[in-house]
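Here is how the chains run, residue by residue.
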Amino acid sequence: YSKYSIVMVEGCIFKMRVYNSEGSRPYSTNVIKQLLEQILTYTKLEQTIPIGTMTAMDRDNWFCVREDMLRSNINKESFHTIEHSLFGLCIDEIQLGGKEVFLTQTTVGDHRKDFTNFNRWYDLGLQCVFRKDGYFAWITEESIFDGSIIPQPTEVEEIESPTNSPPQMCQDTDVSLIKWELSNTTMMNVERGKNKLINWAANIDTCVFEFTNFGLECLQRYGLHP
C-alpha cells in the first residue's frame, strides 16, 4: 500500500507522507501535526483552483475530461499521486448549523463561496472530512473494504515512537503541492463542475440517523443496507 495520503484544504491538494523515509513505520501523531501545520501555512500562499469539482461531473463527461488532461505529463503524475494515495483528508472551515448542515457539508463540501475552496475528490474510495471545530466524518465507497489498501490495525496501533527510539523528524520532502497544467477548456470544466455541485447542494435531501444500540443485529434492527 501507499505511504502517503493527500490533504485537501482551501481548494489546494497536497501529498503528505505518513511513513518515515524508509517506509517502515508510520509517523507519530506529533509529526503528522507538524506536517498539517506546514500545509495550512502553504495554503495561504497558493492560488486556489478547485480541480476536484470536476469529479462531480457525470461519469462519461469526467472520463473524457480526464483523458484530455492526461496528455500532460504533469497532470498524469498528479492523477497517479491522488489515485494511489492511502486516503484523502479534507480540512473544511466551520459552517454554522445542526447535524443536517454538517451532513450536507460532508457530502458536497463547503458551498458558501460557490465551491471556490472545494475539498473533495469523489474518485477516492476513502475520504476523511475534518472540520476546524473538531467535527469529522468519513466518505467511503463500500468496495474498498474488500481490499487491503488500508494498513491492518496491528501495523498502526503503536503510532507513537517507542521510548528507546530516536524522536521522529519530518523532512522537507514530506509535503508537496500537487500541480496541474490547465488549459482554457479545463478551466471551463472546473466551472461546469461547480455548477453541478451548486445544483446538487440546492436539491440534496439529508436524513440523519442516530444510533444508540450496536452489535451483530444493528443493521437489521435499523433496516439499513451494509
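Above this note sits the structure.
Residues numbered from 1 in each chain as written. Predicted model: local features only at pLDDT ≥ 70, side-chain atom pairs only at ≥ 80, totals over all residues. Heavy atoms only, no water.

Here's the deal with the sheet that holds strand 3 (residues 88–92)
Sheets are built from strands paired through backbone hydrogen bonds, the pairs being either parallel or antiparallel. On the basis of which strands lie adjacent, the open sheet formed by six strands has the order 5-4-3-1-2-6 and mixed pairing. Both outer strands of the open sheet, strand 5 (136–140) and strand 6 (175–177), are each paired with one neighbouring strand and no more. Within this sheet the neighbouring strands show an average axis-to-axis angle of 25°, counted without direction. Two elements, strand 1 (residues 4–9) and strand 3, share four bridges in a ladder whose sense is parallel. Its bridge partner being in strand 3, Val-9 is matched across the sheet by Ile-91. Where helix 1 (residues 29–43) meets the sheet, it contacts strand 1, strand 2 (12–17), strand 3 and strand 6, and its direction lies at approximately 155° from that of strand 2. On the sheet, helix 3 (residues 73–83) packs against strand 1 and strand 2 and is oriented at approximately 105° with respect to strand 1. (Pairing = 2+ DSSP bridges. Helix = DSSP H or I, 4+ residues; strand = E, 2+ residues; numbered from the N terminus. Axes fitted to C-alpha atoms, helices over the stretch in contact; angles between N-to-C directions. Contact = heavy atoms within 4.5 Å.)

Let's talk about the nonpolar core
Buried together is how nonpolar side chains tend to be arranged in soluble globular proteins. Within the largest apolar cluster, 20 residues are counted, with the highest numbers of intra-cluster contacts made by Met-54, Ile-82, Trp-121 and Trp-180. Mapped by element, the contributors of at least two residues to this core are strand 1, helix 2 (59–69) and helix 3. In terms of residues, this core owes the most to one element, helix 2, which gives three residues. Those residues in contact with Met-54 that lie beyond four places of it in its chain are Trp-62, Val-65, Met-69, Thr-186, Asn-189 and Val-190. Grouped together as the second largest cluster of nonpolar side chains are 17 residues, Met-16, Tyr-27, Ile-39 and Leu-86 included. (Core = buried A, V, L, I, M, F, W, Y, C linked by side-chain atoms within 4.5 Å. Buried < 20%, exposed > 50% of the residue type's maximum accessible area, 1.4 Å probe, protein only.)

A short note on the environment of Tyr-42
Considering the arrangement of structural elements, one finds Tyr-42 in helix 1. Separated by 134 residues in sequence, Tyr-42 and Ser-176 have C-alpha atoms that sit 9.5 Å apart. Here Tyr-42 is in contact with Phe-14 and Val-175, once residues within four sequence places are set aside.

Here's the deal with helix 3
Within helix 3 the residues assigned to the buried category are Asn-75, Ser-78, Phe-79, Thr-81 and Ile-82. Across the axial projection of helix 3, the buried residues extend over an arc of 160°, all falling on one side. When the buried face of helix 3 is taken as reference, the exposed residues oriented beyond 90 degrees from it are Asn-73 and Glu-77. Buried residues in helix 3 make contact with strand 1, strand 2 and helix 2. The N-cap of helix 3, judged by a side-chain oxygen 3.2 Å from the amide nitrogen of Ile-74 a few residues on, is Ser-72. (Arc of directions from axis to C-beta. Polar contact = N/O pair within 3.5 Å; in protein donor to acceptor, adjacent residues only side chain to side chain.)

Some remarks on the state of the cysteines
On inspection of all chains with the given rule, the structure shows zero disulfides. There is no disulfide at Cys-90, and the cysteine sulfur nearest it, in Cys-128, is 7.6 Å away. Relative accessible area serves as the criterion here: at 0%, Cys-90 is assigned to the buried category. (Disulfide = S-S within 2.5 Å.)

A closer look at the pairing of strand 2
Summarising the sheet, strand 1 and strand 2 pair through six bridges and their orientation is antiparallel. Directly across from Ile-6, in strand 2, lies its bridge partner Lys-15. In this antiparallel pair of consecutive strands, strand 1 and strand 2, the connection spans two residues, and Glu-10 shows a positive phi of 55°. For strand 2 and strand 6, the ladder comprises three bridges, and the chain directions are antiparallel.

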